[in-house]
Structure formats: structure tokens, C-alpha cells
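Residues per chain are reported as follows:
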Amino acid sequence: MNTGFFHHQIITGPIRSRRLGLSLGVNLLPVSHKICNYDCLYCECGWNTVNTAETDALPTVKDIAEALSAKLQILKEENVKPESVTFSGNGEPTLHPDFKAVVSEVRRIVETVYPDAPPALTVLSNATRIGRDDVRDALGLCTRIVLKLDAGTPDTYARINRLQTGFRLGAYEERLRPETFYESLLAQLRAFPYPFIVQTLLFRGEYEGRMLDNTDGAEWEAYKRRLAAIRPYGIMLYGLDRETPARKLQKLSKPELEARAEALRMAGFKNVQAYF
Ligand code: SF4
């Protein structure tokens, strides 16, 4: 049974986010299940249940624009202003085939409703598609780009994020393999032309009979070297929040999480935040 937490509408919230303040979510994926080319051990949506989908399962640019306009109108009448309009939801937002058109339209609507001080336009992405021109251009329209990096070594990356070779959405098929994609991912992060924040979920635990720990030892040292190479302008460390599909994962305590953030600051990284 898959017991994930789902966004049941295109526009969700606003909710008080640990990291983004009052955040209005824009879900570009189906409202009933997750679509992602990763299947992370900790994904709050649960394990992937589909590995092949057609694009008619996704909301159109028009659907998204209408839902957002209606929601912002209601919020304005209630005198509520989100601090962030956030592309997140039931999977990886950059997989949407019209991602660039969606971001462009959402930005236009947000700037029309709040011409003087629009909320941040945030995207939470797993970074697998930043090598594509259209995705990079779309991300460049956002004001806060948050990209995932959970591991300092290819082995831990493969075990945590579980890139789904063979995943298909419409005409797009994931042909990359986790063992070889890790170095490409880092090269794309190094070459990414816009300022971005790295988000990292820190945890330890056991999966398939092997221990897993991205918080300590050689793995943590390798992670720091990767960060130094990709030079994000900020780092968001966070801990487990909801039930995880892999059952034997352990949440770091608040002091442990804060100690990792402090270790990064001491190593010279700027804008490091820990969210418990
Ligand atoms: S990238 Fe995000 S949506 Fe995809 S499996 Fe990982 S946590 Fe879930």
C-alpha cells in the first residue's frame, strides 16, 4: 500500500513552510499520484506507483493559469499575501513538457496581481533536467531556485535518489543510469548559469540490509567537496518530516542538524540554514 502525502489540487495552500514562509504551491503533476524520474527513499509522496504516464495526466498551462488566478483573487480578498509561489507537488515539476510556458505564465499572473512586490517565485527541483535549454531558461525566470543534492558519492546518490531508468512521460524517456549520471549531474550543477540553493535531506538508516548515512565520515567529507565545486549561493539542510517509504530511516535530532549546518559555515560556506 502506498501511503504518501499528496497535493490534491493544482494550487495548494498557502501553508506555513519550514523553509519558504507562507507558500502557495503549484503542482504541475497529477493530483492523485506521483510522477517522478527519481524514487527517493524519503519521498513524502511514497514510492512511485507508475513508471509510464501520458502527458494528458498533467494539468495544462490554461488549467494552471485559471486555478492560480482564482486562488490569488480569493487570497487578495482575504488580505493574505503568500511569501512564495512555489513549484513543487506530486513529483518533479521540470518533467512537465510545457514547464517553460507554465513558469512564464505563472510569473506573469503573479506580477500582475502583485505589481509592486511580487512573492518569490520558487522552484524545488531534483536537478536532473537542468542540462536542457528549455528547463534552464524556465528556471531562470524563477527568483529562488532550489536544487537537490543528497550525496557526495555516486553509490550513496544511487541508493538515496534511485534514478528510474526506463521511466517514461509522454515522449520523454529516462535513459540515464544512476551509476553514471552522478558525475554528469555535478557537471551540470557546476555549469548552471543562475544563482541557486542546494537542498539536502540529511538522515541515516538502513535500506535493503545496508547502512546508509549522508551525515558523517567519508560521505560527509565528499559532500563538502562537491559543494565547494558547485558553489551554490545558499544551502538548505533539512531533516525528515513525514513518514518515509523506506521504513528504517532515522530523523536527525535538532542539535545534530544544527551541528552539520555549523560545520558547513566553519568550512566557509555562506547562507547555510538548517530546518528541523
Ligand atoms: S525528487 Fe522529490 S518527488 Fe521525486 S522521488 Fe525524490 S523527493 Fe519524491
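Residues numbered from 1 in each chain as written. Predicted model: local features only at pLDDT ≥ 70, side-chain atom pairs only at ≥ 80, totals over all residues. Heavy atoms only, no water.

Moving on: helix 2 (residues 99-113). The terminal C-alpha atoms of helix 2 lie 21 Å apart, and with 15 residues this matches the ideal 21 Å at 1.5 Å per residue to within 8%. When we look at burial in helix 2, the residues that qualify are F99, V102, V103, V106, I109, V110 and V113. Within helix 2, the buried residues cover an arc of 130° as seen down the axis, which keeps them to one side. Residues of helix 2 that are buried sit in contact with helix 1 (61-77), strand 4 (84-88), strand 5 (120-125) and helix 3 (133-140). (Helix = DSSP H or I, 4+ residues; strand = E, 2+ residues; numbered from the N terminus. Expected span 1.5 Å × (residues − 1). Buried < 20%, exposed > 50% of the residue type's maximum accessible area, 1.4 Å probe, protein only. Arc of directions from axis to C-beta. Contact = heavy atoms within 4.5 Å.)

A cis amide bond links G13 with the next residue in sequence, P14, at an omega value of 10°. When you line up the elements, P14 lands in strand 1 (residues 11-17). If you check the backbone angles, R231 has positive phi at about 50° while not being a glycine. You can see R231 is positioned in the loop between helix 6 (217-230) and strand 12 (234-238). Residue N271 is not a glycine yet carries a positive backbone phi of 50°. Within the secondary structure, N271 is located in the loop between helix 7 (254-266) and strand 14 (272-275).

Here we take up the packing of helix 6 against helix 7. Where helix 6 meets helix 7, the closest approach of the two axes is 12 Å, and the angle between their N-to-C directions is 50°. The orientation of helix 6 relative to helix 7 falls into the category oblique. When the axes of helix 6 and helix 7 are compared, the crossing they make is right-handed. Residue-level inspection shows W220, Y223, K224 and L227 of helix 6 in contact with helix 7, the latter providing R260, A263 and L264. Residues belonging to the contact of helix 6 with helix 7 are distributed by class as follows: five nonpolar, no polar and two charged. (Axes fitted to C-alpha atoms, helices over the stretch in contact; angles between N-to-C directions. Parallel < 35°, antiparallel > 145°, perpendicular 65-115°, else oblique. Left-handed = near helix turned anticlockwise from the far one by under 90°. Nonpolar A, V, L, I, M, F, W, Y, C, P; charged D, E, K, R; others polar.)

The tally for this structure, following the rule as stated, stands at 20 salt bridges. Residue R210 pairs with D155 through a salt bridge whose shortest N-O separation is 3.0 Å. Here R210 is found in strand 11 (residues 210-213), whereas its partner D155 is found in helix 4 (residues 154-161), with 55 residues between them in sequence. Residue E243 pairs with R247 through a salt bridge whose shortest N-O separation is 2.4 Å. Taking the relative accessible area as the measure of exposure, E243 reaches 52% and is therefore exposed. (Salt bridge = Lys/Arg side-chain N within 4 Å of Asp/Glu carboxyl O.)

Our focus in this paragraph is the sheet that holds strand 3 (residues 52-53). An order of 3-7-8 is seen for the three strands of this open sheet, with the pairing classed as mixed. At either margin of the open sheet sits one strand with a lone partner, and together these are strand 3 and strand 8 (172-173). Where strand 7 (residues 168-169) meets strand 8, two bridges bridge the pair, whose relative direction is antiparallel. If you follow R168 over to strand 8, its bridge partner there is E173. (Pairing = 2+ DSSP bridges.)

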